[in-house]
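# A closer look at the structure
So the chains spell out like this:
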Amino acid sequence: MQKKSKFLWLLDNGHGGIIDGVYQTRGKRSPIWPDGNQLFEGEFNRAIVNRLIEMCNNANIDCVNIVPELEDIRLSERVRRANEIYKNDKRAVYVSIHANAGGGTGYELFTSPGNTKSDGIANIFFEKAEKAFPTFRMRGIKEANFYVLKNTHMPAILTENFFMDTLTPDCELLLSQTGRNRIARAHFEAIAEIENSKFFQ
């Protein structure tokens with residue numbers, strides 16, 4: 001019987017995907033750039049989660065995509081699914097993956113307010129992002145009352161992986177396959193370090 005990993009990683013690809021050419025979420029997209037390209041956040045989020053799941057599976061690290069559908073699943077349902085898993089498996093850690101917007105640039109990460117078990121996990125994720133993207137602005141670890149952070153029962157973080165409404169350098173990175181691979185790899189390296197660290201028990 002295969003040994004379980006230390007944690008069970010619950011991966012949440014924020015917003016909806018694309019069904020028959022139709023994006024399932026209002027807004028949550030970049031402008032149409034001069035070359036005709038446009039980023040749809042839910043598609044990007046799924047691309048990162050799919051890569052991350054493959055990496056975790058190859059490393060025998062337990063993970064679950066809590067939103068395998070392409071439809072835009074309500075936040076309350078995402079949280080319900082996560083909490084149901086945690087009820088039966090206390091190894092669960094929740095990671096919600098997004099692209100940012102608002103005309104800025106860089107990477108930032110969120111936890112719920114106060115000192116929680118999420119903070120140490122967030123530190124490792126942020127350190128791996130800093131290492132992976134040394135030429136990009138690192139905006140820090142912040143606290144917010146985001147629904148998926150304050151209502152999940154397990155440690156939970158939310159990554160905002162650069163700005164989809166800033167073309168250079170952010171959205172160019174998000175649109176490229178190389179950039180997506182680098183972002184997924186940074187997430188995986190954080191997961192792998194946490195799995196192997198004696199600090200996280």
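Let me begin by describing the structure that accompanies this report. These numbers come from a predicted model, not from an experiment.

## Considering the nonpolar core
One broad trend across soluble globular proteins is that nonpolar side chains are buried collectively. Counting 43 residues, the largest nonpolar core has W9, L11, F125, F162, L174, I183 and I194 as its most contacted members. Those elements giving two or more residues to this core turn out to be β1 (8-13), α1 (41-58), β5 (92-100), β6 (107-111), α3 (118-132), β8 (156-163), α5 (167-175) and α6 (177-196). The leading source of residues in this core is α6, at eight residues. When neighbours within four sequence positions are excluded, F162 is seen to be in contact with A99, N100, G106, Y107, F133, F136, M138, D170, L173, L174 and I183. The next biggest cluster of nonpolar side chains, apart from the first, holds 17 residues, and it includes V67, V79, A144 and A156.

## Examining the packing of aromatic side chains
Under the definition given, this model contains nine aromatic pairs. By way of ring pairs, the aromatic residues Y107, F126, F133, F136 and F162 are connected into one cluster. Positioned above the aromatic ring of Y86, the side-chain terminus of K90 is 4.9 Å from the ring centre.

Reading guide: rules and limits
Residues numbered from 1 in each chain as written. Predicted model: local features only at pLDDT ≥ 70, side-chain atom pairs only at ≥ 80, totals over all residues. Heavy atoms only, no water. Core = buried A, V, L, I, M, F, W, Y, C linked by side-chain atoms within 4.5 Å. Buried < 20%, exposed > 50% of the residue type's maximum accessible area, 1.4 Å probe, protein only. Helix = DSSP H or I, 4+ residues; strand = E, 2+ residues; numbered from the N terminus. Contact = heavy atoms within 4.5 Å. Phe/Tyr/Trp six-rings, centres within 6.5 Å; stacked < 30°, edge-to-face > 60°. Lys NZ or Arg CZ within 6 Å of the ring centre and 35° of its normal.

Everything listed is a geometric property; what it means functionally is a separate question.
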